[in-house]
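Understanding the architecture of this molecule
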Amino acid sequence: EIVRKLFAGTAEFFWGTGSLGGLPPMHGLEIAFAGRSNVGKSSLVNALTRRKALARTSSTPGRTQELNFFRIGEGQESAFTLVDMPGYGYAAVGKDKVAAWTDLIYAYLRGRANLARVYVLIDARHGLKDNDLKVLDSLDKAAVSYQIVLTKADALKPGPLADRIRTIEESIIRRPAAYPSVIATSSRTGEGTVELQSAIVQLLHE
Ligand code: GTP
Ligand code: MG
C-alpha cells in the first residue's frame, strides 16, 4: 500500500547537471541508477514511475548526458529523489565526453552524503563487464551501499536468466557494500518493477 501510494504520487524532473559544482542542494535521500551506456537506466526510471517519457531514452548509447534528478512522491512522508545518470563505457558521443561523464559519475557516487543506495544496472544478456567491476570496486571502497539490478530480462529465457542471477550473486558474495541478492527487471514487460519499488520503500524506512 505504501509502495503503491508513493509511486502513484508525483514524479517530477527538477534538476540536471553535467558538473559536480552544479549538484542540487541535498534534500532527503537520493537513489541513483548507474550502468553502462544503453543498459536501460532511463527506461527503468520510467517503468518505476509508470511514466512513458519522464526520462528520455534512446536506442543510441549516450542519450542521458547529465545527472538528472527526479523528485518522487513530493509531500509524502517517504518522498525521495531518483537520480538517472549518464552511462559509463562506450557511448556514441566521443571519448572526451565519456571520460568527463565517468569522472562525474565516480565523484558523485563516492561523495554524495544523502545517497542511500546505488542500483547498478547490468544487461541480463551481457553480465558484469570490466567497467562494471571498476564501479563496484569503487563503491566497496567508499562503503556506498549498492544492489545489482538486471535489465532487459525479457531478452533471456527463464533458465539462462536464473543462471545469470546465480553467477552474479556468487561473484559478489565477498563484496562488502553489495546487497547479496540480484533483482531481475524488464522495462518492457514490467517484470521486477514492483520488487524494485518495494526494495526502495524498504530502504527509505531503514
Ligand atoms: P544512456 O542514457 O545512453 O546511458 O542509456 P540508458 O541506460 O538510459 O538506456 P535507455 O533507457 O535509453 O535504453 C536503451 C535501449 O534499451 C532503448 O532502445 C530501450 O528501448 C532498450 N531497453 C530498455 N529497457 C529494456 C527492456 O527492459 N527490454 C528490452 N528488450 N529493451 C530495453
Ligand atoms: Mg539514459
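Thresholds applied
- Residues numbered from 1 in each chain as written.
- Chains lettered and ligands numbered in written order.
- Predicted model: local features only at pLDDT ≥ 70, side-chain atom pairs only at ≥ 80, totals over all residues.
- Helix = DSSP H or I, 4+ residues; strand = E, 2+ residues; numbered from the N terminus.
- Expected span 1.5 Å × (residues − 1).
- Buried ≥ 20, exposed ≤ 12 C-beta atoms within 10 Å, placed from the backbone.
- Arc of directions from axis to C-beta.
- Contact = placed C-beta atoms within 7 Å.
- Axes fitted to C-alpha atoms, helices over the stretch in contact; angles between N-to-C directions.
- Parallel < 35°, antiparallel > 145°, perpendicular 65-115°, else oblique.
- Left-handed = near helix turned anticlockwise from the far one by under 90°.
- Nonpolar A, V, L, I, M, F, W, Y, C, P; charged D, E, K, R; others polar.
- Near = placed C-beta within 6 Å.
- UniProt positions renumbered as here; feature names shortened; annotations may be inferred.
- Pairing = 2+ DSSP bridges.
- Right-handed = clockwise from strand over helix to strand, strands pointing away.

Compared with the 24 Å implied by 1.5 Å per residue over 17 residues, the 24 Å span of helix α3 (residues 95-111) between its first and last C-alpha is a close match. Within the sequence span of α3, burial applies to Val98, Trp101, Leu104, Ile105, Tyr108 and Leu109. End-on, the buried residues of α3 take up no more than an arc of 125°, which puts them together on one face. Pointing more than 90 degrees away from the buried face of α3 are the exposed residues Lys95, Asp96, Ala99, Asp103 and Gly111. Packed against the buried residues of α3 are β2 (30-35), β3 (67-72), β5 (115-123) and α4 (130-142).

To continue, consider the packing of α3 against α4. Contact geometry of α3 with α4 gives a least axis separation of 9 Å together with a crossing angle of 30°. Compared by their axis directions, α3 and α4 come out roughly parallel. Considering how the two elements wind past one another, α3 and α4 form a crossing that is right-handed. Across the interface between the two elements, Tyr106, Leu109 and Arg110 from α3 touch Ser138, Leu139 and Ala142 from α4. A per-class count over the contact of α3 with α4 returns four nonpolar, one polar and one charged.

If you check the shell around ligand 1, you find 24 residues, and the closest are Gly40, Ser43, Thr57, Thr64 and Gly87. With three residues, helix α2 (residues 41-49) is the single largest residue contributor to the shell around ligand 1.

Feature annotation in UniProt places "domain: EngB-type G" (unreviewed entry) on residues 27-206, given in this structure's numbering. Measuring from the first to the last C-alpha atom of residues 27-206 gives 17 Å, for a span that is 36% helix and 19% strand.

Most of strand β6 (residues 146-151) is tucked away: six of the six residues are buried. Burial of β6 is two-sided: the residues Tyr146, Ile148 and Leu150 facing one way and the residues Gln147, Val149 and Thr151 facing the other way are all buried. Direction of pairing for β5 relative to β6: parallel, over a ladder of six bridges. By the bridge assignment, Val118 is partnered in β6 with Tyr146. You can see the chain leave β5, run along α4 and come back into β6, and the turn it takes is right-handed. Examined bridge by bridge, β6 and strand β7 (residues 183-184) share two bridges and lie parallel to one another. Counted as the bridge partner of Leu150 is Ala184 from β7. For the segment spanning β6, helix α5 (residues 158-171) and β7, crossover handedness is right-handed.

This part takes up the sheet that holds β7. The pairing of strands in a sheet comes from backbone hydrogen bonds and takes either a parallel or an antiparallel form. Spatial ordering of the open sheet is given by β1-β3-β4-β2-β5-β6-β7, a layout of seven strands whose pairing is mixed. Taken across any chain shown, the strands that pair with only one partner, and hence form the sheet edges, are β1 (11-17) and β7. Running at roughly 145° to β2, α3 makes contact with β2, β3 and β5 of the sheet. Across the sheet, α4 touches β2, β5 and β6, and the angle it forms with β5 is around 165°.

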